[in-house]
Amino acid sequence: RAETLVSNAALAAFVHELDRRPGAVLQIRHAGGAAGGGFAEQLRDALVALGLPSARSRLVPAAADAGRLILEISANGESQP
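Residues numbered from 1 in each chain as written. Predicted model: local features only at pLDDT ≥ 70, side-chain atom pairs only at ≥ 80, totals over all residues. Heavy atoms only, no water.

A.B. asks: Describe the nonpolar core, and please don't skip the residues or the numbers.
C.D. replies: One finds Leu-18, Leu-26, Leu-43 and Leu-47 to be the most contacted residues of the largest nonpolar core, which totals 13 residues. Of all the secondary-structure elements, those providing two or more residues to this core are helix 2 (9–20), strand 1 (25–29) and helix 3 (33–49). Not counting the four nearest positions on each side in its chain, Leu-26 is found in contact with Phe-14, Leu-18, Leu-47, Leu-52, Arg-56, Ser-57, Arg-58, Leu-71 and Glu-72. (Core = buried A, V, L, I, M, F, W, Y, C linked by side-chain atoms within 4.5 Å. Buried < 20%, exposed > 50% of the residue type's maximum accessible area, 1.4 Å probe, protein only. Helix = DSSP H or I, 4+ residues; strand = E, 2+ residues; numbered from the N terminus. Contact = heavy atoms within 4.5 Å.)

A.B. asks: Could you give an account of helix 2, naming the residues involved and the relevant values?
C.D. replies: The end-to-end C-alpha separation of helix 2 is 17 Å, in line with the 16 Å expected for 12 residues at 1.5 Å each. Among the residues making up helix 2, those that are buried are Leu-11, Phe-14 and Leu-18. End-on view of helix 2: buried residues confined to an arc of 60°, all on one side of the axis. Every exposed residue of helix 2 that faces more than 90 degrees away from the buried side is listed here: Ala-9, Asp-19 and Arg-20. Residue Asn-8 occupies the N-cap position of helix 2, its side-chain oxygen lying 3.1 Å from the main-chain nitrogen of Ala-10. (Expected span 1.5 Å × (residues − 1). Arc of directions from axis to C-beta. Polar contact = N/O pair within 3.5 Å; in protein donor to acceptor, adjacent residues only side chain to side chain.)

A.B. asks: Which residues make up the side chain of Glu-72, and what values go with them?
C.D. replies: Checked against the element boundaries, Glu-72 lands in strand 3 (residues 70–75). Given the relative accessible area of 12%, Glu-72 is considered buried. Only 2.7 Å separates the side chain of Glu-72 from the side chain of Arg-29, close enough to count as a polar contact.

A.B. asks: Summarise helix 3; cite the residues concerned and give the values.
C.D. replies: Its 17 residues place the ends of helix 3 24 Å apart at the C-alpha level, agreeing with the 24 Å of an ideal helix rising 1.5 Å per residue. All of the buried residues along helix 3 are Gly-36, Gly-37, Ala-40, Leu-43, Ala-46 and Leu-47. Gly-51 sits one or two residues past helix 3 and shows a positive phi near 120°.

Spelled out as structure tokens, the structure:
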């Protein structure tokens, strides 16, 4: 839920850091498949609804354990978790 995302201090700090880097992209790594991809899409959709441009996010399948998402900031081909 959007209310939960807004109140999450760690996620807010992460999005703020992404905002400080105009050319950076948020990579959402997930386990893949319907469940993992759906969870990642829900997070991306919520972040877009809160103001993150969709062009600044990318879903990356098969890069995390089931039930987990890994968020990274990618700028100039380098990723930072």
